[in-house]
Amino acid sequence: MPTTNPVYISIIIPVFNTSAYLNKCLDSVICQTYRLFEVIIINDGSTDNSLEICEKYKKSDIRIKIISQPNSGISNALNNGISAASGDWLCFVDSDDWIDVNALEGLVNKIKKFPEVDLIRSFCRFMHGNKVKEQNSVPQKDCIYSPIDFIAADKVGGFTHSLFVKRKIVTDNQLKFDTELKIKADMVLNFQCVLNSQYILMSDFVYYNYLIRNDSIIQTTDKNKMLDHLRAPELISEFAKNNNEIEVKKSVKRYLFRGLESYIMACKNYLIKQNKIDFNYRQNIINFINKQKLKFVDMPVRLLAVFFISIIDIRVLNLMQKLINKL
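What you see is a predicted model, and the numbers here were worked out from it, not measured in a lab. Positions within a chain are numbered from 1, following the residues in the order the chain's sequence is written. Predicted model: local features are reported for residues with pLDDT of at least 70 only, side-chain atom pairs are reported and counted for 80 or more only, and whole-chain, interface and lining totals are derived from all residues. Computation of side-chain values: all heavy atoms of the structure, hydrogens and water removed.

So, about the pattern of salt bridges. A pairing counts as a salt bridge when a side-chain nitrogen of Lys or Arg comes within 4 Å of a carboxyl oxygen of Asp or Glu. Applying the stated criterion across every chain yields a total of 14 salt bridges. With a shortest N-O distance of 2.8 Å, Arg125 and Asp100 are connected by a salt bridge. Here the residue Arg125 occupies a position in strand β6 (residues 119-128), and Asp100 occupies one in the loop between β5 (98-99) and α4 (103-113), the gap between them amounting to 25 residues. The salt bridge involving Lys166 is made with Asp118; its shortest N-O contact spans 3.3 Å. Of this pair, Lys166 sits in strand β9 (residues 163-166) while Asp118 sits in the loop between α4 and β6; the two residues are 48 residues apart in sequence, bridging distant segments of the chain. Numbering goes from the N terminus for both helices and strands, where a helix is a DSSP run of H or I of at least four residues and a strand is a run of E of at least two.

Shown next as structure tokens:
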């Protein structure tokens with residue numbers, strides 16, 4: 001039965017030195033056609049004029065709250081935003097991205113149509129400036145999943161902005177973004193939210209515009225951040241260790257294999273940018289495989305090839321890719 005109850009939404013926006021993009025982001029939020037929401041901005045120790053911009057918007061819109069904290073990372077900022085939220089649903093927006101003017105209206109319409117869902121998974125447009133660079137394969141129609149079927153279909157996704165979730169799913173289960181992770185923390189939380197939901201909607205509604213930036217955190221090459229490619233799937237594995245569903249176990253293995261391949265490719269990119277490998281990447285790979293008890297016979301063929309080449313020397317992998325690109 002469609003719900004007629006009003007839906008109150010908390011929009012959480014972590015901010016760190018994004019003054020060049022912040023006006024566009026905040027304009028897109030406060031101009032929503034659906035008006036029943038609050039905006040929680042977490043200023044993560046910005047050193048540019050981001051806080052000044054946020055304060056300007058707060059003066060003209062009472063729905064905006066600002067939390068300032070010493071710089072401690074996006075995960076800590078998001079956790080503080082969740083703690084301060086009072087909405088029925090949580091929506092996450094990066095401060096260099098923007099949402100369509102009818103974003104919340106569209107999401108609320110989905111909730112009214114499918115009141116049983118605890119989480120809505122949506123897709124985004126990848127933007128280069130104001131031009132669409134690419135867009136995910138958007139489903140032709142809405143589809144309701146149980147958590148196990150959703151995980152089995154490999155639909156969980158790895159970005160916070162694809163997550164529109166009931167606040168009680170996060171708070172009742174004491175879920176948090178892992179503050180030890182510099183990247184991939186959203187992938188872990190997404191998986192945890194899905195596994196704690198009763199029903200999930202895979203939505204055909206696209207409303208989020210993701211700005212591709214060469215200087216963004218996921219584009220940087222930092223050997224400490226790179227290890228998060230391994231740490232994040234390990235956390236998912238730990239979270240799901242007591243779940244005996246076969247599809248969940250298969251999914252965890254997919255995360256582990258993908259994390260391993262992502263780490264190897266990140267090592268290759270580090271070599272390209274730094275012209276050196278000054279850390280023991282081989283031992284990190286071997287330790288990960290041994291700890292997670294991964295078997296070579298279960299590895300996808302592509303990963304198996306990448307693995308053995310990387311163990312010989314990551315520079316060989318780089319050379320082979322260059323040769324392949326010339327063909």
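Now that the structure has been shown, we can carry on.
By the secondary structure assignment, Lys268 is in helix α10 (residues 246-274). The rule is simple: take the accessible area with a 1.4 Å probe, protein chains only, and divide by the maximum for that residue type; under 20% is buried, over 50% is exposed, in between is partly exposed. When charges are counted, Lys and Arg are positive and Asp and Glu negative, with His and the chain ends excluded. The buried charged residue Lys268 lacks any salt bridge, with Glu261 as its nearest oppositely charged partner at 10 Å. Polar contact is defined as a pair of N or O atoms within 3.5 Å, subject to the rule that within protein one atom must be able to donate a hydrogen and the other to accept it, and that residues adjacent in sequence are counted only when both atoms are side-chain atoms. Reaching out from Lys268, the side chain makes a polar contact with the side chain of Asn269 at a distance of 3.3 Å. Here a residue-residue contact requires only that any non-hydrogen atoms of the pair lie within 4.5 Å. Residue contacts for Lys268: discarding those within four places in its chain leaves Ile314, Leu317, Asn318 and Gln321.

Buried within helix α11 (residues 281-291) are the following residues: Tyr281, Ile285, Phe288 and Ile289. The arc that holds every buried residue of α11, seen down its axis, measures 95°, which confines them to one face. The exposed set on the far side of α11, more than 90 degrees from its buried face, consists of Asn290 and Lys291. Note on α11: the residue one or two positions beyond its end, Lys293, has a positive phi of about 55°. In this description, one arc is meant: the one made by directions from the helix axis to the C-beta atoms.

Now for the nonpolar core. In terms of nonpolar packing, the biggest core is built from 64 residues, with Phe191, Cys193 and Leu260 touching the most fellow members. Ranked by residues supplied to this core, first place goes to α10 with 13 residues. When residues no more than four places from it in sequence are discounted, the contact partners of Cys193 are Leu119, Leu163, Val165, Ile169, Val170 and Leu175. By nonpolar core is meant a set of buried Ala, Val, Leu, Ile, Met, Phe, Trp, Tyr and Cys residues that side-chain atoms within 4.5 Å join together. In this structure, Val15, Leu107, Ile111 and Phe205 belong to the second largest nonpolar core, which totals 39 residues.

This brings us to a nonpolar patch on the surface. Surface patches are defined over residues having more than 30% relative accessible area and no salt bridge, joining like charges when they lie within 9 Å and nonpolar side chains (Val, Leu, Ile, Met, Phe, Trp, Tyr) when within 5 Å. Areas reported as accessible are Shrake-Rupley estimates using a 1.4 Å probe. Residue values count occlusion only from the protein chains shown. On the surface, Ile312, Val316 and Met320 cluster together into a nonpolar patch covering about 260 Å² of accessible area. Mapped onto the secondary structure, Val316 falls in helix α13 (residues 314-326). Since its relative accessible area comes to 32%, Val316 is described here as partly exposed.

Turning our eyes to something else, we now look at the environment of Ile236. Note that Ile236 resides in helix α9 (residues 228-239). When its relative accessible area of 0% is taken as the criterion, Ile236 is described as buried. Distance in space between the C-alpha atoms of Ile236 and Tyr207 is 28 Å, their sequence separation being 29 residues.

Here we come to unusual backbone geometry. In the Ramachandran plot, Gln174 falls in the positive-phi region, its phi being about 55° despite a non-glycine side chain. Residue position: Gln174 is located in the loop between α6 (167-172) and α7 (185-196).

Turning to the packing of α11 against helix α12 (residues 301-312), a few remarks are in order. With axes taken as lines fitted to C-alpha atoms, and helix axes fitted only over the stretch in contact, angles between N-to-C directions fall between 0 and 180 degrees. Two numbers describe how α11 lies on α12: the axes approach to 9 Å, and their chain directions differ by 140°. As summarised for this structure, α11 and α12 are arranged oblique, according to the angle between their axes. At the point where α11 passes α12, the crossing takes the left-handed sense. Between α11 and α12, the residues in contact are Tyr281, Arg282, Ile285, Ile286 and Ile289 and Phe307, Ser310, Ile311 and Ile312, respectively. For the contact of α11 with α12, the per-class residue count stands at seven nonpolar, one polar and one charged. Orientation categories follow fixed angle ranges, with anything under 35 degrees roughly parallel, anything over 145 roughly antiparallel, 65 to 115 roughly perpendicular, and all other angles oblique. Two helices crossing with the near one rotated counterclockwise from the far one by less than a right angle form a left-handed crossing, whereas a clockwise rotation gives a right-handed crossing. Residues are grouped as follows: Ala, Val, Leu, Ile, Met, Phe, Trp, Tyr, Cys and Pro are nonpolar; Asp, Glu, Lys and Arg are charged; every other residue, Gly included, is polar.

A few words now on the pairing of strand β4 (residues 89-92). Both faces of β4 are covered, namely the face carrying Trp89 and Cys91 and the face carrying Leu90 and Phe92. At least two bridges found by DSSP between two strands are what make those strands a pair. Relative to β4, strand β1 (residues 9-15) runs parallel, the two sharing four bridges. Of the residues in β4, the one forming a bridge with Ile11 is Cys91. With three bridges joining them, β4 and β9 adopt antiparallel strand pairing. Within the sheet, the bridge partner assigned to Cys91 lies in β9 and is Phe164.

Whether two aromatic rings pair depends on their centres lying within 6.5 Å, for rings of Phe, Tyr and Trp, where Trp uses its six-membered ring; planes under 30 degrees apart make the pair stacked, over 60 edge-to-face, and the rest tilted. Going through the model one piece at a time under the given rule, you end up with 11 aromatic pairs. For the ring pair Phe126 and Tyr210, a centre distance of 5.4 Å and an interplane angle of 75° mean the geometry is edge-to-face. Remark: Tyr210 occurs in strand β10 (residues 200-211) and Phe126 occurs in strand β6; sequence separation between them is 84 residues. Phe126 gets classed as buried once you look at its relative accessible area, which sits at 13%. A relative accessible area of 11% places Tyr210 in the buried class. Ring geometry for Phe296 against Phe308: centres 5.5 Å apart, planes inclined by 40°, an arrangement best described as tilted.

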